[in-house]
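So the chains spell out like this:
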Amino acid sequence: MTVHLEVAEGVGTIRLDRPPMNALDIAAQDRIKELAGEAAGRDDIRAVVLYGGEKVFAAGADIKEMQAMDHAAMVRRSGALQESFTAVARIPKPVVAAVTGYALGGGCELALCADFRIAGDNAKLGQPEILLGLIPGAGGTQRLARLIGPSKAKDLIFTGRHVRADEALAIGLVDRVVPAADVYTEAHAWAAKLAKGPALALRAAKESVDAGLETDIGTGLAIERTWFAGLFATEDRERGMRSFVEEGPGKAEFL
């Protein structure tokens, strides 16, 4: 398989493994969707890392495969392409992308589906589809603009240029830059820490933020209010508040 799921310490790592550049062909896209669904449903996975290996995250789609497709073929395929990435974005658990080397085109779009992005100092990110006479088709025009703002997103999409890790950090495209050799360790540590947290509250927080961004503030507040009240029915809420009262803040252990 070109994409694997490995589990350790409550963290599921979705690992791209299609040397040399982890080009995201149709088989890889479908496998990503499958494993995202598995990670979402497994109780032993409480957080997720997206990782392409030590040298490259993903350099984009398989251009040779795409070149052979005509308009009708892409009309049939484009929905499935977006669905595979949306499946990652909708994992109801914390997701971090561990980005080394190139994260271009579909690779950048996959990283955008994470909640948090840790990049190596050797990372280069971008949406170069315009150089092929195309635009991003796996969510890049939407998720990138929501993350870094429309003007910065248009700069990257219109020019197709790559940004290095330092610029990606400055514009908010990534959240942390570390030495390339430390990327996976740092990402796994971030995920493992959250994996020990209250799973339902983390799900509620993620869904409230993500759903709220797609609607007006009144509806967003209603979503937040519903989740907030609902969490008062959970064992995690009882455990967290009891620990706070008896032991002080930050000492609760969640199952």
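Worth saying up front: this structure is predicted, and the values here are computed from it rather than measured. (Residues numbered from 1 in each chain as written. Predicted model: local features only at pLDDT ≥ 70, side-chain atom pairs only at ≥ 80, totals over all residues. Heavy atoms only, no water.)

A. Structural view of the pairing of strand β3 (residues 47–51). With 5 of 5 residues buried, β3 lies mostly within the body of the structure. What you see with β3 is no split at all: A47, V49 and Y51 on one side and V48 and L50 on the other are buried throughout. In this sheet, β3 lies alongside strand β2 (residues 11–16) in parallel orientation, the contact comprising 5 bridges. By the bridge assignment for β3, V11 is matched with A47. The handedness of the β2 to β3 crossover, carried by helix α1 (residues 26–41), is right-handed. Inspection of the sheet shows β3 paired to strand β4 (residues 95–99) by 4 bridges, in the parallel sense. Of the residues in β4, the one forming a bridge with V49 is V96. (Buried < 20%, exposed > 50% of the residue type's maximum accessible area, 1.4 Å probe, protein only. Helix = DSSP H or I, 4+ residues; strand = E, 2+ residues; numbered from the N terminus. Pairing = 2+ DSSP bridges. Right-handed = clockwise from strand over helix to strand, strands pointing away.)

B. The sheet that holds strand β7 (residues 124–126), seen in detail. What the 3 strands build is an open sheet, ordered β5-β7-β8; its pairing is mixed. Across the chains shown, the open sheet's two edge strands, defined by having one partner strand only, are β5 (102–104) and β8 (162–164). Ignoring which end each strand starts from, the neighbouring axes of this sheet average 20° apart. Of the strand pairs in this sheet, β5 and β7 are connected by 3 bridges, and their pairing is parallel. Each bridged residue has a counterpart across the sheet, and for Y102 the counterpart in β7 is K124. (Axes fitted to C-alpha atoms, helices over the stretch in contact; angles between N-to-C directions.)

C. Spatial organisation of the packing of aromatic side chains. Going through the model one piece at a time under the given rule, you end up with 3 aromatic pairs. On the numbers, 4.9 Å between centres and 5° between planes, the contact of F116 with W190 is stacked. Of the two residues, F116 is situated in strand β6 (residues 116–120) and W190 in helix α8 (residues 183–195); the sequence distance between them amounts to 74 residues. As far as the burial class goes, F116 and W190 line up, both buried. Taking 5.5 Å as the distance between ring centres and 75° as the angle between the ring planes, the aromatic pair formed by F228 and F232 counts as edge-to-face. For F228, a relative accessible area of 55% puts it in the exposed group. (Phe/Tyr/Trp six-rings, centres within 6.5 Å; stacked < 30°, edge-to-face > 60°.)

D. Here's a closer look at the nonpolar core. Counting residues in hydrophobic clusters, the biggest one holds 45 residues, and the most contacted among them are L50, F57, V99, L125 and L173. At 5 residues, the largest contribution of residues to this core is made by α1. Setting aside chain neighbours within four positions, we find V99 in contact with F57, A111, I118, A119, G120, A123, L125 and V183. Counting residues in each nonpolar core, the second largest holds 15 residues, with F116, A187, W190 and A195 among its members. (Core = buried A, V, L, I, M, F, W, Y, C linked by side-chain atoms within 4.5 Å. Contact = heavy atoms within 4.5 Å.)

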